[in-house]
Amino acid sequence: MQQGSKAWKYGDNVDTDVIVPARYLTTSDPAELAAHCMEDLDPDFASQVAQGDIIVAGENFGYGSSREHAPIAIKASGVSCVIAASFARIFYRNAINIGLPILECPQAAMETQHGDMLSVDFESGEIRNLTRGIQYRAAPFPPFVRDIMAAGGLIPYIRQKLLDSADHPFGVQKVEVHLDGEHEEAGTKEK
Amino acid sequence: MPMTMTQKILADHAGLASVEAGQLIEARIDFVLGNDVTAPVAIKEFEKIGVAEVFDRRRIALVPDHFAPNKDIQSAEQCKIMRDFAKKHAIEHYFEVGRMGIEHALLPEQGLVLPGELVVGADSHTCTYGAVGAFSTGVGSTDMAAAMAAGTAWFRVPGAIRFVLNGKLGGWATGKDLILSIIGKIGVDGALYRSMEFVGPGLATLSMDERFTMANMAIEAGAKNGIFAVDERTRAWASSVSSRHYKEYAADPDAVYEQTIVVDLDRIKPQIAFPHLPSNVRPADEAEKTPIDQVVIGSCTNGRIEDLRAAAFILKGRSVAQGVRCIVIPATQQIYRQAVREGLVDTFIEAGAAVSTPTCGPCLGGHMGILAAGERAVATTNRNFVGRMGHPSSEVYLASPATAAACAIAGYIVDPSEISEAPQHGTFETAARDQQK
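Residues numbered from 1 in each chain as written. Chains lettered and ligands numbered in written order. Predicted model: local features only at pLDDT ≥ 70, side-chain atom pairs only at ≥ 80, totals over all residues.

Caption draft 1: Summary view of helix α6 (residues 175–186) of chain B. Residues and elements named next belong to chain B. Between its first and last C-alpha, α6 extends 17 Å over 12 residues, near the 16 Å set by a 1.5 Å rise per residue. The element α6 is extensively covered by neighbouring structure, given that nine of its 12 residues are classed as buried. The set of residues buried in α6 consists of Gly175, Lys176, Asp177, Leu178, Ile179, Leu180, Ser181, Ile182 and Ile183. Backbone geometry just after α6 places Gly187 at a positive phi near 90°. (Helix = DSSP H or I, 4+ residues; strand = E, 2+ residues; numbered from the N terminus. Expected span 1.5 Å × (residues − 1). Buried ≥ 20, exposed ≤ 12 C-beta atoms within 10 Å, placed from the backbone.)

Have a look at this one:
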């Protein structure tokens, strides 16, 4: 916290195929995926990234495929957080769902240079660039998303909801289900 | 509160009278999809949840299409995880090799997605089904696991961009060229987090296959979904694939859009997306005869019967250029069979093209046509990222099937009109009444 974490700086539209090329998608082992993380964009990343380092990128980070292998590889490589000007929407969901911390902050994304030392407070969304002495505040997540992150991801969250209560899994008011035709005959499960 | 088409579908599935952009909702899912890359991860997560059964074994599709037929031992193991899970939970819509097709061509063809339904799939191109007026969007494996367990998913209600289509496509211009030019105009994050809603008088001139191609690439503009207004063509298509009841939704006349973009279809020309972004679009006739090594005609974007007919029209009586490998991949077994019946496969083979069983294969650099260092391919697929089809220094140029076939003949990038005169737009369409059930 005192000395901060090193920033790895990338540009706009960092796509899922450079985060983890499809040729490695025949496995879902996090360590194996981490060994190839960012390979086609930055061949040095996987071997040089240190525990706690931070990826800082421009617009539309995680553009492309729905492969969860992408945030899994980043998380398993030791990266503590991704800060970007914006995220592609499936990557955004996936990161929240697997518990990879992400922050949207265009100003920090623009001004941070490769190798800067950063410290991040997830509670407040505060980002401090220790190298340059600049402070930023990322937009906070909606409370519902914070709940998922606090639970450690969507699975622990939904597990708790499904097993511990008869309520609807996401804690929203129960929905009356009306179905027609074949689907009804197929026997929709009543909650 | 007036709503867009997408918002209406979401509101109904959340049991709410209305929703607005930005609102977080939980919605009932009509159908969940996964493939051999994403489902094994989802299955692992599903098992962590600890529920004994899936929410509904009839509302889940598992399709081994990415690295299937198995390309190596590792992918064989991934496919087996999915096969074992399908067996254990008696998943009705598990499609084994021999019956499978590329998921986003297969599900509509099998009547598993109809207008007004809400579908999530652990594949980014799940947005394809917006073509039939459904809300469908790509999610990750964990979302798929949660959806398989609970039959629900959380969404942030998107705002929308409305595309008003006027006129009619002419010459060799197709739905692919239209969506490429739209992405070229708005950029790869031009519709980030939002819906792309396609309406207007020009809509009636677009075939269902063209709509599938366009909705398929909504994700390439960053969109949450792409969706087409339901019309006579949609209804005829729906009744040709299923007798199941469905509900039609239409945007309120006073729905609020973040942006409205008017597109004149008459002005669309064959397009090429240069490396390494789908938005890096130029007219094909400005490609300066860039030499190529490979052509791929297929994928969830352009592996349907009309696509194959257009390619065959150009390849008929001609030969693939020396030094070019042309690979044709029908998207489903049904399409493959139809192509055999119509003599299209014969045309491809006679022209010197390789024809493969359905697979995503080369599109994602999986197998069946990987590029060596520095090689260049023209593909009817959807992404041209760095290393997408093979070596990181290889290049992918995106185009329509007609353009891709013309490039295969020429050996370099070319506008299809330089190889063959264009038939009237719609020539390759299967009238819905003729479509095989």
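Back to the write-up after that little detour.
Caption draft 2: Main features of the sheet that holds strand β2 (residues 31–35) of chain B. Residue and element names in this part refer to chain B. Overall, parallel pairing links the five strands, which are arranged β4-β3-β2-β5-β6 in an open sheet. Edge positions in the open sheet fall to β4 (93–94) and β6 (135–138), since each of these has one partner strand only. With two bridges joining them, strand β3 (residues 60–63) and β4 adopt parallel strand pairing. Across the sheet, residue Ala61 finds its bridge partner in β4, namely His93. (Pairing = 2+ DSSP bridges.)

Caption draft 3: Region of interest: the interface of chain B and chain A. Listed as interface residues are 55 residues of chain B and, on the opposing side, 50 residues of chain A. Looking at the side of chain B that touches chain A, the elements with two or more residues in it are β1 (24–28), α2 (39–49), α3 (73–88), α5 (141–150) and β7 (152–156) of chain B. In terms of residue count, the dominant contributor to the side of chain B that touches chain A is α5 of chain B (seven residues). Broken down by class, the residue content of the side of chain B that touches chain A amounts to 24 nonpolar, 17 polar and 14 charged. (Contact = placed C-beta atoms within 7 Å. Nonpolar A, V, L, I, M, F, W, Y, C, P; charged D, E, K, R; others polar.)

Caption draft 4: Structural view of the confidence of the model for chain A. Per-residue confidence for chain A averages 86 on the pLDDT scale, and 84% of its residues sit at or above 70. Confidence over residues 171–191 of chain A falls short of pLDDT 50; this stretch has 22 contacts with residues more than four positions distant or in other chains. (pLDDT = per-residue confidence, 0-100.)

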